[in-house]
Amino acid sequence: MIQSDDFLADPMIPVEDVLSDSELEIYNLMLSAGGAMSRYEIAQAKNVFSNVMLSMNLDNSSIFTKLDVGVFALRGRPLNIASIQRAMESVGGPSVKPAEIIDGYVSFPLTLTEYLVRNKFIEAPVRVVPHLEEGDYVVNGFDAPARFSMKFRRFYHLIQKMISLGYGIGDTVMIQILISDKKITLSKY
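What you are looking at is a predicted structure, and each value in this text was computed from that prediction instead of being measured.

Parameters at a glance
- Residues numbered from 1 in each chain as written.
- Predicted model: local features only at pLDDT ≥ 70, side-chain atom pairs only at ≥ 80, totals over all residues.
- Heavy atoms only, no water.
- Pairing = 2+ DSSP bridges.
- Helix = DSSP H or I, 4+ residues; strand = E, 2+ residues; numbered from the N terminus.
- Axes fitted to C-alpha atoms, helices over the stretch in contact; angles between N-to-C directions.
- Expected span 1.5 Å × (residues − 1).
- Buried < 20%, exposed > 50% of the residue type's maximum accessible area, 1.4 Å probe, protein only.
- Contact = heavy atoms within 4.5 Å.
- Arc of directions from axis to C-beta.
- Polar contact = N/O pair within 3.5 Å; in protein donor to acceptor, adjacent residues only side chain to side chain.
- Parallel < 35°, antiparallel > 145°, perpendicular 65-115°, else oblique.
- Nonpolar A, V, L, I, M, F, W, Y, C, P; charged D, E, K, R; others polar.
- Salt bridge = Lys/Arg side-chain N within 4 Å of Asp/Glu carboxyl O.

### Focus: the sheet that holds strand β9 (residues 172-178)
Sheet strands associate in pairs through backbone hydrogen bonding, adopting either a parallel or an antiparallel arrangement. With mixed pairing, 7 strands are arranged side by side in an open sheet as β4-β9-β10-β6-β7-β8-β5. Both outer strands of the open sheet, β4 (105-111) and β5 (121-123), are each paired with one neighbouring strand and no more. Sheet twist, expressed as the average angle between the axes of neighbouring strands with direction ignored, equals 30°. Where β9 and strand β10 (residues 183-188) come together, 6 bridges link them in antiparallel fashion. Looking at the pairing, I177 lines up with I184 of β10.

### Notes on helix α1 (residues 21-32)
Between its first and last C-alpha, α1 extends 17 Å over 12 residues, near the 16 Å set by a 1.5 Å rise per residue. Turning to α1, its buried residues are S22, E23, L24, I26, Y27, L29 and M30. At its buried positions, α1 is contacted by β1 (36-38), α2 (39-45), α3 (51-60), β2 (64-68) and β3 (71-74). After α1 finishes, the residue G34 shows a positive phi value of roughly 95°.

### Observations concerning helix α4 (residues 81-90)
Of all the positions in α4, only S83, I84, A87 and S90 are classed as buried. With its buried residues spanning 135° around the axis, α4 presents them on a single face. For α4, exposure combined with an orientation more than 90 degrees from the buried face picks out I81, A82 and E89. Considering only its buried residues, α4 is in contact with β1, α2, β2 and β3. N-cap assignment for α4: the residue whose side-chain oxygen lies 2.9 Å from the backbone N of A82 is N80.

### Examining the sheet that holds β1
Across the sheet, which stays open at both edges, the 3 strands sit in the order β1-β3-β2 with antiparallel pairing between neighbours. If you trace the sheet from one side to the other, it starts and ends with β1 and β2, each paired once. Taking each pair of neighbouring strands and ignoring which way they run, the sheet shows an average axis angle of 35°. Here β1 runs beside β3; their pairing, made up of 3 bridges, is antiparallel. Residue pairing in the sheet places A36 in a bridge with A73 of β3.

### Quick word on unusual backbone geometry
Located in the positive-phi region is R153, a residue other than glycine, with phi close to 55°. Overall, R153 belongs to the buried group, its relative accessible area being 15%. In this structure, K182 takes a positive phi of about 50° despite not being glycine. Along the polypeptide, K182 turns up in the loop between β9 and β10.

### Topic: the packing of α1 against α3
Two numbers describe how α1 lies on α3: the axes approach to 10 Å, and their chain directions differ by 75°. As summarised for this structure, α1 and α3 are arranged roughly perpendicular, according to the angle between their axes. Taken together, the residues of α3 that come into contact with α1 (itself represented by S22, E23, I26 and M30) are M53, L54, N57 and L58. Split by residue class, the contact of α1 with α3 holds 5 nonpolar, 2 polar and 1 charged.

### Details of the pattern of salt bridges
Per the stated rule, a full pass over the model turns up 7 salt bridges. Residue R86 is joined to E41 by a salt bridge in which the shortest nitrogen-to-oxygen separation is 2.5 Å. Placement of the pair is R86 in helix α4 and E41 in helix α2, with a sequence separation of 45 residues.

Written out as structure tokens, the structure is:
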């Protein structure tokens, strides 16, 4: 059925003529998987994509749409509930266990990259997220807090604090979060 606001190419344009090679590979993977896949599933199926290449395609191509954290679908295609369920269950890889809490702290190392410094946010590791809450986190030595967004699993205003402490690209920082007080301590790893 065609509605008055639908547009159709006449003649139809083959996807091979408009998609890049990497977009076409991901498109074909998603099509064969029911139209939705997790980032993890795509990375496992196509071990040739670097994280940067995969992110660039999924986050910037107009043919993919983000359904949830780590779950993508083909834009404009009917959604297959079974493929969405499978994709959601595979986010982060097989049975990701929450990070261990030691003395009230959850910790993880982070290596500063040019990408992180340029974009000014940190994605919290999947295993750490179950221990975090949306909102402000006090960072030792700073008046202004860092902010955690549960929707995007990101810390904002934390990279700037690392840089002001003298950390630079290539440095690895240990991030320790006191869960009960929502307090962050940064130290050299």
